[in-house]
Amino acid sequence: MRGPIRIGVLNGPNLNLLGRREPHHYGTHTLAEIESLLRERAGLDDVSLVFFQSNDEGEIVDWLQANTDSVQAWLVNAAALTHTSVALRDALAGSGRPFVEVHLSNVFARESFRHTSVLSDLAIGVIAGFRASSYLFGLEALVRHLRGSGEAGTE
């Protein structure tokens, strides 16, 4: 895909508390700061981003459905919904858009219930444990995938 790309950035429950919620797991960046980092990086690649965060599963599904036609891909930190939401899984699958699943913390070094994702088998990749940089790595992987210049999602 050449030319401008538009990516939807989805943030699930409690990510509005970043910067003050368990910084030993999630780092000290706020969600607004992460969005700013993403906008700066996206501008270098002729990419525009649309952001959404909600603590409500239904609002997240509605937003995905409403924005599917205006984006080429998703960058998803579903937070706790990663482990439980078949509704979110179905909405992502139904969108027909590729996505990268990102996590600020290394979910595999934490409680066992965090080791399972109902989304990851649909994702072109999963990035975890790099705090705010997880989003930047995910964005780069999506852009490379969409432009056909990378290996993300080719297997």
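Quick notes on the rules
Residues numbered from 1 in each chain as written. Predicted model: local features only at pLDDT ≥ 70, side-chain atom pairs only at ≥ 80, totals over all residues. Heavy atoms only, no water. Core = buried A, V, L, I, M, F, W, Y, C linked by side-chain atoms within 4.5 Å. Buried < 20%, exposed > 50% of the residue type's maximum accessible area, 1.4 Å probe, protein only. Helix = DSSP H or I, 4+ residues; strand = E, 2+ residues; numbered from the N terminus. Contact = heavy atoms within 4.5 Å. Axes fitted to C-alpha atoms, helices over the stretch in contact; angles between N-to-C directions. Parallel < 35°, antiparallel > 145°, perpendicular 65-115°, else oblique.

So what's going on with the nonpolar core? Residues and values would help.
Ile7, Leu38, Val47, Leu49, Leu75, Tyr135 and Leu139 are the most contacted members of the largest nonpolar core, which totals 26 residues. Taken together, the elements giving at least two residues each to this core come down to β1 (5-11), α2 (31-43), β2 (47-53), β3 (73-77), β4 (99-103) and α5 (132-147). Here this core gets seven residues from one element, more than from any other, and that element is α5. Excluding anything up to four places from it in sequence, Ile7 contacts Val47, Ser48, Leu49, Val50, Val71, Ala73, Trp74, Leu75, Leu139, Leu142 and Val143. With 18 residues, the next largest nonpolar core counts Val50, Leu64, Leu92 and Phe99 among its residues.

Outline the packing of helix α3 (residues 57-67) against helix α4 (residues 86-95), supporting the account with residue identities and numerical values.
Running from N to C, α3 and α4 cross one another at 5 degrees; their axes reach a closest spacing of 10 Å. Comparing their axes, α4 and α3 come out roughly parallel. Each of Glu57, Ile60, Val61 and Leu64 in α3 lies in contact with α4, whose residues at this interface are Ala87, Leu88, Ala91 and Leu92.

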